[in-house]
Amino acid sequence: MKKLEFPQGRMDCLSRELGAEVLIYDLQRDEGHCLNYKAAAVWRLCDGKRTPRQIAAELSRQFSTAVGEQIVRLALGQLWDAHLLVEREVSVETPSRRVAMQRIGIAAAIALPLITSMAAPTPAQAASCLHNLAPCTSNLQCCSNICSPVLNKCIGG
Amino acid sequence: MDKLDRLGWAEGLAFSAFGVCVGIRATVSGMLDRILPLLPPGWKKSPRGLVQRLYSLIGANGSEGKGVRHLNLLYANNLRLARETDLQAVLEAFRNDHHLYVAGASPDMTFIHAGVVGWQRRAVVLPGRSFSGKTTLVRELLRLGATYYSDEYALVDERGLIHPFVRPLGIREHGSTVQTDFTPEKLGASVGVEPLRAGTVVITEYQAGTRWEANPLSQGQGALELLANSVAIRRLPEKTLLRLLEVAKRAVFIRGPRGEASEAAASILNLST
């Protein structure tokens, strides 16, 4: 369980809105993240001055429906795990997504905050891999992931 | 590099492709004739002498000698890429390396590792890593009448339009990592020329014994899948992100495993109609 008292979103990432979702690229870790509308709404309110309870109150106002603090803490936990919050030396306490689903019911689960994350590839990882005995200069180029430093060829596949 | 510069160069060429300027020089006359077909589609001769990357191809020494290995050498700037008796292997290394270099350095286009076909004036884009079955699926889509755009890269411009990157399809026989090239014409397919708006983006991977089953993805999740296959995302993150969003705004994204390509291809085209 994790606890964040005054969560603050990192400002050093690239972020772009796509409808109700937000796409974030972490330049430090070379990771991409997609925040669904609920996670994005929480993230936008992470200004380092609001508590999770205050964030929930603001979201309730924005969505014209009650948003529980538990939902906010769920989003904060995911934002924390995705390294999208400023890291401070505090103990962290948030419910897991599975626990939240059990409590609010599966039907309402689609309204839960969700963050999808993917690692950004290097150019070699994004390209077609090389077959065995093809000339190579790095392991990432080879389908086998092994580039012999002696032969400068892909081996082992 | 000085040592390379001091060699005698028989011929050379500076060319630009998608905003990237590359040079190639060779110690043996006639080598350019074998190199030109390997250059990226749409390349143009560059009047500029200054290039961003210079390839040096040192042809095997033709002199006779017992026990002498006649090696062809390929350098990119001063990094040796290949050292082979088989010239074809060296040329393949040149093609792979400079295509990837252009894909990673281009300011004009964002390169996504993907198969692309045209269908009813929209692009069907199939992003995916090696061995996900992109080329097999592209081939099947062509058989059903789609227009060939690429089996390697989707090129995205600043408006989110998908441009062709036409080169022979690299088809792997079952279980092999070696690719054999087939031209689209040999497969009876027409080749795309005009840029197209992305209609359907299909994230799928071959799994033996599976029935085709795809579910919709949100635009954000779809854009993330494109990001995960973008060659230049680490080097040009802001430009890449903006272009991917332009694609995502207008495309439909689906994801799921597939079995035989014929089943999936028919369903994809039906969905894209």
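This text goes with the structure placed above it.
Residues numbered from 1 in each chain as written. Chains lettered and ligands numbered in written order. Predicted model: local features only at pLDDT ≥ 70, side-chain atom pairs only at ≥ 80, totals over all residues.

Some points on the overall build of chain B
Worth spelling out the cut-off: The helix count covers DSSP runs of H or I at least four residues long, the strand count covers runs of E at least two residues long, and both are numbered beginning at the N terminus. Radius of gyration: C-alpha atoms only; globule rule: 2.2 Å multiplied by the number of residues to the exponent 0.38. Every C-beta atom is placed from the backbone, and the number of other C-beta atoms within 10 Å of a residue's own sets its class: buried at 20 or more, exposed at 12 or fewer, partly exposed in between. Residue pairs qualify as contacts under a 7 Å threshold applied to their C-beta atoms, which are placed from the backbone.
Across its full length, chain B carries seven helices and 16 strands. On C-alpha atoms alone, chain B measures out to a radius of gyration of 20 Å, which is about the 19 Å that the 2.2 N^0.38 rule sets for 273 residues. Expressed along its principal axes, the backbone C-alpha trace of chain B runs to roughly 60 × 40 × 30 Å. Across the 273 residues that make up chain B, the buried fraction comes to 47%. Of the contacts formed within chain B by residues at least 6 apart in sequence, a portion of 67% connects residues at least 24 apart.

Re the overall build of chain A
When helices and strands are counted, chain A shows five helices and six strands. Helices and strands appear in chain A in the N-to-C order β-β-β-α-α-α-α-β-α-β-β. Intrachain contacts of chain A at a sequence separation of at least 6 include 46% that bridge at least 24 residues.

A word on the environment of A:Ser60
If you trace the backbone, A:Ser60 turns up in helix α2 (residues 52-63). Aside from chain neighbours lying at most four places away, what touches A:Ser60 is A:Thr65, A:Ala66 and A:Val67.

Looking at helix α1 (residues 37-44) of chain A
Residue and element names in this part refer to chain A. The buried fraction of α1 amounts to six of the eight residues, a majority that puts the element mostly inside the structure. By the burial criterion, the buried members of α1 are Lys38, Ala39, Ala40, Ala41, Val42 and Trp43. Buried residues belonging to α1 abut β2 (21-26), β3 (31-35), α2, α3 (69-81) and β4 (115-119).

Section: the sheet that holds β4(A)
The condition that has to hold: At least two bridges found by DSSP between two strands are what make those strands a pair. Every axis in this analysis is a line fitted to C-alpha atoms, fitted for helices over the stretch in contact. Angles between the N-to-C directions lie between 0 and 180 degrees.
Across the sheet, four strands lie side by side as β1-β2-β3-β4 (chain A); this open sheet has antiparallel pairing. Edge positions in the sheet fall to β1 (14-18) and β4 of chain A, since each of these pairs with one other strand and no more. Shown here is a sheet whose adjacent strand axes are inclined to one another by a mean of 15°, direction ignored. Bridge count for β1(A) against β2(A) is five bridges, and the pairing is antiparallel. From the neighbouring strand, A:Glu17 faces β2(A), where its bridge partner is A:Val22. Docked against the sheet, α1(A) engages β2, β3 and β4 of chain A, running at close to 65° with respect to β2(A). Across the sheet, helix α6 (residues 237-250) of chain B touches β1 and β2 of chain A, and the angle it forms with β1(A) is around 10°.

Let's talk about the interface of chain B and chain A
What counts here: Each residue gets one label: Ala, Val, Leu, Ile, Met, Phe, Trp, Tyr, Cys and Pro are nonpolar, Asp, Glu, Lys and Arg are charged, and the others, such as Gly, are polar.
With 38 residues of chain B in contact, the opposing surface of chain A contributes 30 residues. Contributing elements (two or more residues each) for the side of chain B that touches chain A: β6 (79-84), α3 (87-105), α5 (219-227) and α6 of chain B. Here the element with the most residues in the side of chain B that touches chain A is α3(B); it accounts for seven residues. Broken down by class, the residue content of the side of chain B that touches chain A amounts to 19 nonpolar, 13 polar and six charged.

Re the packing of α5(B) against α6(B)
Packed helix pairs are specified by the crossing angle of their axes together with the interaxial distance, meaning the distance between the axes. Residue and element names in this part refer to chain B. Note the following rule: Relative orientations are named as follows: roughly parallel for angles under 35 degrees, roughly antiparallel for angles over 145 degrees, roughly perpendicular for angles from 65 to 115 degrees, and oblique for any other angle. Crossing handedness is read from the near helix: turned anticlockwise from the far helix by less than a right angle, it gives a left-handed crossing, and turned clockwise, a right-handed one.
In contact at an axis separation of 9 Å, α5 and α6 are set at 140° when each is read in the N-to-C sense. The orientation of α5 relative to α6 falls into the category oblique. Relative to α6, α5 is oriented so that their crossing is right-handed. Across from Gln219, Gly222, Ala223, Leu226 and Leu227 in α5, the residues of α6 making contact are Leu244, Leu245, Val247, Ala248 and Lys249. Classifying every residue of the contact of α5 with α6 by side-chain character gives seven nonpolar, two polar and one charged.

What about the sheet that holds β6(B)?
Ordered by their spatial adjacency, six strands build an open sheet running β3-β1-β2-β4-β5-β6 (chain B), and the pairing between neighbours is mixed. Unpaired on one side and paired on the other, β3 (44-45) and β6 of chain B mark the two borders of the sheet.

As for the packing of α1(A) against α3(A)
All names here are of chain A. Relative to each other, α1 and α3 sit at 85°, their axes nearing to 9 Å. On the basis of their axis angle, the class for α1 and α3 is roughly perpendicular. Residues Lys38, Ala39, Val42 and Trp43 of α1 touch α3, and the partners they reach there are Val72, Ala75, Leu76, Gln78 and Leu79.

Re the nonpolar core
Considering soluble globular proteins, one finds that nonpolar side chains tend to be buried as a cluster. As a reminder, the rule being used: As used here, a nonpolar core is made of buried Ala, Val, Leu, Ile, Met, Phe, Trp, Tyr and Cys residues. They are joined through C-beta atoms within 7 Å.
If you look at the biggest cluster of nonpolar residues, it comprises 109 residues, and the most contacted ones within it are A:Val42, B:Val117, B:Val124, B:Val125 and B:Ile162. Per-element tally for this core: the top contributor is α3(B), with nine residues. In this view, B:Val125 contacts B:Ala114, B:Val116, B:Ala154, B:Ile162, B:Ala198 and B:Val201; residues no more than four positions away in its chain are not counted. Counting residues in each nonpolar core, the second largest holds seven residues, with A:Cys129, A:Cys136, A:Cys142 and A:Cys147 among its members.

Quick word on unusual backbone geometry
All names here are of chain A. Its identity as a non-glycine residue notwithstanding, His83 has a phi of 60°, on the positive side. A positive phi angle, close to 75°, is found at Leu133, a residue other than glycine. Position of Leu133 among the secondary structure elements: in the loop between α5 (123-126) and β5 (147-148).

Section: the pairing of β3(A)
Residue and element names in this part refer to chain A. Taking burial as the measure, the five residues of β3 include four buried ones, the bulk of the element. Sheet analysis places β2 next to β3, joined by five bridges and oriented antiparallel. Looking at the pairing, Ile24 lines up with His33 of β3. Between β2 and the antiparallel strand that follows it, β3, lie four residues; Asp30 among them carries a positive phi value of about 55°. Direction of pairing for β3 relative to β4: antiparallel, over a ladder of five bridges. Looking across to β4, one finds that Cys34 is bridged to Thr116.

Describing the environment of A:Ala126
Note on placement: A:Ala126 falls in helix α5. Between the C-alpha atom of A:Ala126 and that of A:Gln141, which follows or precedes it by 15 residues, the distance is 9.6 Å. What A:Ala126 contacts, discounting residues up to four positions off in sequence, is A:Pro121, B:His113, B:Asn229, B:Ser230 and B:Val231.

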